[in-house]
Amino acid sequence: PTYIIASVTLLYTHGLAPLVMAFQNFYHFLIERKNFKRWIVTQFILFAIFTPLLFFVAKETSKFNYVDFTWMQTPNFLGLGRFFYVAVAGETFSLQNLILGSLLSLIFLTLLIVLAFNTIKNFGTIKKREFKSITFLLSWIAVPLIILAIYSFLFTSLFIEKYVIFYSASLYLLAALAITKLKRTLRTATIVIIILLSFLIAYYNNITINNPEWEYSTSYIKNKIQPGDLIIINIENSVHSFSYYFDRNIFKSENLDYQLPRSNIYPIKNSDGLPLAIMDGRNVW
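Residues numbered from 1 in each chain as written. Predicted model: local features only at pLDDT ≥ 70, side-chain atom pairs only at ≥ 80, totals over all residues. Heavy atoms only, no water.

Enquirer: Quick question: what am I supposed to make of the nonpolar core here?
Expert: Among soluble globular proteins, nonpolar side chains are generally buried collectively. Among the nonpolar cores identified, the biggest contains 37 residues, and Leu104, Phe108, Leu111, Leu148 and Val164 are the most heavily contacted of them. Of all the elements in the fold, those that place two or more residues in this core are α2 (17-32), α4 (77-89), α5 (95-121), α6 (128-154), α7 (167-179) and α8 (184-207). Among the elements that make up this core, the one with the highest residue count is α6 (eight residues). The next biggest cluster of nonpolar side chains, apart from the first, holds ten residues, and it includes Ile231, Ile233, Val239 and Leu260. (Core = buried A, V, L, I, M, F, W, Y, C linked by side-chain atoms within 4.5 Å. Buried < 20%, exposed > 50% of the residue type's maximum accessible area, 1.4 Å probe, protein only. Helix = DSSP H or I, 4+ residues; strand = E, 2+ residues; numbered from the N terminus.)

Enquirer: Looking at this structure, how should I read unusual backbone geometry?
Expert: The phi torsion at asparagine 35 lies on the positive side, around 55°, for a residue other than glycine. Its location among the elements puts asparagine 35 in the loop between α2 and α3 (36-62). Not every positive phi belongs to a glycine, and asparagine 264 is a case in point at roughly 65°. When you line up the elements, asparagine 264 lands in the loop between α12 (256-262) and β2 (265-267).

Enquirer: Is there a simple way to think about the packing of α2 against α6 in this case?
Expert: Helix packing for two helices is described by the angle between their axes and how far apart those axes are. One can describe the packing of α2 onto α6 by two numbers: an axis separation of 9 Å at closest approach and a directional angle of 135°. In this view, α2 runs oblique relative to α6, as classed from their interaxial angle. For the element pair α2 and α6, the recorded crossing hand is right-handed. Contacts between α2 and α6 involve Leu19, Ala22, Phe23, Phe26, Tyr27, Ile31 and Glu32 on the former and, on the latter, Lys132, Thr135, Phe136, Ser139, Trp140, Val143, Pro144, Ile147 and Leu148. (Axes fitted to C-alpha atoms, helices over the stretch in contact; angles between N-to-C directions. Parallel < 35°, antiparallel > 145°, perpendicular 65-115°, else oblique. Left-handed = near helix turned anticlockwise from the far one by under 90°. Contact = heavy atoms within 4.5 Å.)

Enquirer: It is not clear to me how the pattern of salt bridges should be interpreted in this structure. Could you clarify?
Expert: Close approach of charged atoms lets side chains of opposite charge pair. For the coordinates displayed, the defined rule picks out six salt bridges. As a salt-bridge pair, glutamate 91 and arginine 82 come within 3.3 Å of each other at their nearest N and O atoms. Its relative accessible area of 32% is what places arginine 82 among the partly exposed residues. The shortest N-O distance in the salt bridge between aspartate 280 and arginine 282 comes to 3.9 Å. (Salt bridge = Lys/Arg side-chain N within 4 Å of Asp/Glu carboxyl O.)

Enquirer: Would you mind showing me how to read the packing of aromatic side chains here?
Expert: Each aromatic ring pair is described using two quantities: the centre-to-centre distance and the angle formed by the ring planes. Applying the stated criterion to the full structure yields 16 aromatic pairs. Here the aromatic rings of phenylalanine 29 and phenylalanine 36 are separated by 5.7 Å at their centres, their planes lie at 10°, and the arrangement is stacked. Overall, the relative accessible area of 33% leaves phenylalanine 29 in the partly exposed class. Since its relative accessible area comes to 36%, phenylalanine 36 is described here as partly exposed. Ring geometry for phenylalanine 108 versus tyrosine 172: centroids 6.4 Å apart, planes at 75°, classification edge-to-face. On the criterion of sequence distance, the pair formed by phenylalanine 108 in helix α5 and tyrosine 172 in helix α7 is long-range, its members being 64 residues apart. Among the residues examined, phenylalanine 108 registers a relative accessible area of 7% and is labelled buried. Given a relative accessible area of 39%, tyrosine 172 falls into the partly exposed group. Connected via pairs of aromatic rings, a cluster forms that spans Phe23, Tyr27, Phe136 and Trp140. Residue placement shows arginine 248 over the ring face of tyrosine 244; its charged tip is 4.0 Å from the ring centre. (Phe/Tyr/Trp six-rings, centres within 6.5 Å; stacked < 30°, edge-to-face > 60°. Lys NZ or Arg CZ within 6 Å of the ring centre and 35° of its normal.)

Enquirer: Looking at this structure, how should I read the side chain of glutamate 130?
Expert: Mapped onto the elements of the fold, glutamate 130 is located in helix α6. For glutamate 130, the side chain forms a polar contact with the side chain of lysine 181, separated by 2.6 Å. Those residues in contact with glutamate 130, other than ones at most four positions away along the chain, are Leu177 and Lys181. (Polar contact = N/O pair within 3.5 Å; in protein donor to acceptor, adjacent residues only side chain to side chain.)

Enquirer: Looking at this structure, I do not really get the packing of helix α1 (residues 2-11) against α2. What am I missing?
Expert: Running from N to C, α1 and α2 point in directions that differ by 145°, and their axes come no closer than 8 Å. For the pair α1 and α2, the sense of crossing is left-handed. Contacts between α1 and α2 involve Tyr3, Ser7, Leu10 and Leu11 from the former and Ala17, Pro18, Val20, Met21 and Gln24 from the latter.

Enquirer: Looking at this structure, I do not really get the confidence of the model for the chain. What am I missing?
Expert: Regions with low pLDDT carry predicted coordinates that are not meant to be interpreted in detail. Of all residues in the chain, 93% have pLDDT values of 70 or greater, and the mean over the chain is 85. Put simply, helix α11 (residues 248-251) is where the chain has its lowest mean pLDDT, 82, and α7 is where it has its highest, 94. (pLDDT = per-residue confidence, 0-100.)

Enquirer: Please clarify how the side chain of threonine 218 should be interpreted in this entry.
Expert: Looking at the secondary structure, you find threonine 218 in helix α9 (residues 212-224). A polar side-chain atom of threonine 218 sits 2.8 Å from the main-chain carbonyl oxygen of tryptophan 214. In contact with threonine 218, other than residues within four places in its own chain, are Phe242, Tyr245 and Phe246.

Next up, the structure:
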């Protein structure tokens, strides 16, 4: 029951949840290889519960084939490297964080190499439970990424880390398992360095809020705008970014909905939210 509840919740809240289900079935049929009847019945129950949403998902997914997501790169080795970096260090690309994130990524990569070498070296004596755990974690990463890559090659590219960021949990567990293979002194040093680098990345990411594209676009508007001009923002999650770069005093306001119109800035969801002043023949940005 717990697995069914968790899986149904996942299927109804994450668009690419079927990738997780695919990985679970891959592992169960090829590695676990037991309780087939019980597993098949469980999957059938999940499919039956998911059916009401399935047609909607298929309809919405088909729309991707008619949209050009030019900002999503097609799968390549550089993209896989970015996936690895983001899972380890997050989307932290300022100079300080790029250096720190690269060091942290290098440590994680080294740990994975150590784990792979240790597994191959002791393949004949490794415990069955540990081998299955490693296989489970590797499948957790590989299966969703491979399916996503194939879909991106055949149809529209959806190859972006935020859609399958759940693979990062497996990466952390593999790194933790590798740390247990190290000598005690080296193990302690590795843990301390990982924690230190992680805190530094979080610190620099917090104090270096900088997005050149937002900064450039808002500066352009500020240099060109005339008194009385109107600014319309119809992308809800861009309101805070725009106000931050446009005027820090506006951004600090506890009530942006009140403060923004005082500066002729109007966040709207549709045409009903357009200000009456737009009928006065003013310039609109």
